[in-house]
Amino acid sequence: MRLSDERWTATAILVCLYAIFVVWFCGFPMAPIPLTEVDAEAYRESFKGKVFEEEIAAHEFEAFMSNDDGRPITVTARVLFRDELKYPEATPEAVSKAGTVDEALSTLGWGLYSSAIPRGTTTLTVGSDPSALFRSVEHTGTDGEDEDAEDGEGTAAFNTVLQKWSQEYVMRFRCRKDLLDMLLEVEASGLWWHKQAAVRAVDVSISQPGGGSSTLSPTVLIQLFLLLVLVLIYELTELCFPESPDMKELKKLRKKVKKLEGKSEKKKDGDKTPSRNPSGEASDSGVKSSQD
């Protein structure tokens, strides 16, 4: 099928867009590359003395890197916002403090997205239904902080309560390395201080997309969805760039020529078929032979 010049151009643009998306979404090279021991040691050094080191348990950090297979991960974060801003006393003077909780959250959100988008990070869902955000947690003290016991060893009695989260985010990362790089960038940019001021508590869980099934993986489903959209756009280009009457007539003429050529070939094959005489021997029709 011959396409018009306009449809050829539209097809080339759609193919280029899909190729760019796949490289951005899956990374290059697309084959999973797990963290090496050299990479893990470099991240250990990078996280030393960082603010995130206080929030991440050492054994969880080591397990996070050792379990890396280079494949995409899904991060589910449940967030509880503060009612009033509360910047830590150690907040650097270079950090421009927000005036309200919403302003701090806006600054934090834009900063996170500006760091996530270049790494192909995708927000899968954002939930804010209170009925779906209750879970049982171990809670002590006020404002989400543990109270020291009288013995001075930091031991406190825990009470099981229902924790109501403000919002839930589910994000897909291309690999664990992207998440680690993003955390370091967030800390270096000063966004962590806005997070401390506006966010009271965070609960994060990490899982493998699709439960290990490549068919149900968001990576595959999102690519298929985009491919379907591009195919529909391609089909719609026929309405936007209809063929000219001359092109239609030319196609009809070509079909007629092909039919005539096919009939001519069949006729030639029939003429070349040798005829048989009554004795069963083949003889060429119209050819006479004589013997001297």
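Just above sits the structure.
(A) Geometry of the overall build of the protein. Scanning the protein for helices and strands turns up 8 helices and 8 strands. Taking all 292 residues of the protein together, the buried fraction comes to 29%. Residue pairs in contact within the protein that sit at least 24 positions apart in sequence constitute 80% of those at least 6 positions apart. On the protein, roughly 20,200 Å² of surface is accessible, and the fraction owed to carbon and sulfur atoms is 57%.

(B) Layout of helix H7 (residues 218-240). With 23 residues, H7 ought to run about 33 Å at 1.5 Å a step, and its terminal C-alpha atoms sit 32 Å apart, in line with that. Among the residues of H7, Pro-218, Thr-219, Gln-223, Leu-230, Tyr-234 and Thr-237 are the ones counted as buried. Buried residues belonging to H7 abut helix H1 (5-26), strand E2 (122-127) and strand E5 (167-173).

(C) Spotlight on the pattern of salt bridges. What the rule picks out here adds up to 10 salt bridges. Notably, a salt bridge pairs Glu-37 with Arg-44, separated by 3.3 Å at the nearest N-O pair. Asp-181 is paired through a salt bridge with Lys-177; the nearest N and O atoms lie 3.2 Å apart. With Asp-181 and Lys-177 both in helix H5 (residues 176-189) and 4 residues apart, this pair spans about one turn of that helix. In this structure Lys-177 comes out as partly exposed when scored by relative accessible area, which is 38%. Shared partners join several salt bridges into a network, and the residues in it are Glu-37, Glu-41, Arg-44 and Glu-62.

(D) Just a positive patch on the surface, in detail. On the surface, a cluster of positive charge is contributed by Lys-252, Lys-255, Lys-256, Lys-259 and Lys-263. For Lys-256, a relative accessible area of 57% corresponds to the exposed category.

(E) Broad picture of the environment of Thr-121. Here Thr-121 is to be found in the loop between helix H4 (101-116) and E2. In this structure Thr-121 comes out as buried when scored by relative accessible area, which is 8%. Measuring from C-alpha to C-alpha, the distance between Thr-121 and Cys-175 comes to 9.3 Å, with 54 residues separating the pair along the chain. Non-local contacts of Thr-121, meaning those with residues more than four positions away in its chain, are made with Trp-24, Ala-116, Met-171, Arg-172 and Phe-173.

(F) Representation of the sheet that holds strand E1 (residues 73-81) within the structure. Pairing is antiparallel in the open sheet, where 4 strands are placed in the order E2-E5-E1-E6. Edge strands, defined here as strands with exactly one partner in the open sheet, are E2 and strand E6 (199-207). Across the sheet, the mean angle separating the axes of adjacent strands is 20° when strand polarity is ignored. Pairing between E2 and E5: 5 bridges, direction antiparallel. Bridge pairing in E5 places Gly-127 opposite Glu-168.

(G) Seen up close, the packing of H1 against H7. As a packed pair, H1 and H7 sit with axes 10 Å apart at the nearest point and diverge in direction by 170°. If you check the angle between H1 and H7, you find them roughly antiparallel. Two secondary-structure elements touch here, H1 through Arg-7, Ala-10, Thr-11, Leu-14, Tyr-18, Phe-21, Val-22, Phe-25 and Cys-26 and H7 through Pro-218, Thr-219, Ile-222, Gln-223, Leu-226, Leu-227, Leu-230, Ile-233, Tyr-234, Thr-237 and Glu-238. Of the residues assigned to the contact of H1 with H7, the class counts are 14 nonpolar, 4 polar and 2 charged.

(H) How the structure looks around the pairing of E1. Of all 9 residues in E1, 7 are buried, a share of seventy percent or more. Inspection of the sheet shows E1 paired to E5 by 7 bridges, in the antiparallel sense. Its bridge partner being in E5, Ile-73 is matched across the sheet by Phe-173. Pairing between E1 and E6: 8 bridges, direction antiparallel. Bridged to Val-79 within E6 is Val-202.

Procedures and definitions
Residues numbered from 1 in each chain as written. Predicted model: local features only at pLDDT ≥ 70, side-chain atom pairs only at ≥ 80, totals over all residues. Heavy atoms only, no water. Helix = DSSP H or I, 4+ residues; strand = E, 2+ residues; numbered from the N terminus. Buried < 20%, exposed > 50% of the residue type's maximum accessible area, 1.4 Å probe, protein only. Contact = heavy atoms within 4.5 Å. Areas by Shrake-Rupley, 256 points an atom, 1.4 Å probe, with all protein chains shown as cover. Expected span 1.5 Å × (residues − 1). Salt bridge = Lys/Arg side-chain N within 4 Å of Asp/Glu carboxyl O. Patch = residues over 30% accessible without salt bridge, like charges linked within 9 Å, V, L, I, M, F, W, Y side chains within 5 Å. Lys, Arg positive; Asp, Glu negative; His and termini not counted. Charge placed at Lys NZ, Arg CZ, Asp CG, Glu CD. Pairing = 2+ DSSP bridges. Axes fitted to C-alpha atoms, helices over the stretch in contact; angles between N-to-C directions. Parallel < 35°, antiparallel > 145°, perpendicular 65-115°, else oblique. Nonpolar A, V, L, I, M, F, W, Y, C, P; charged D, E, K, R; others polar.

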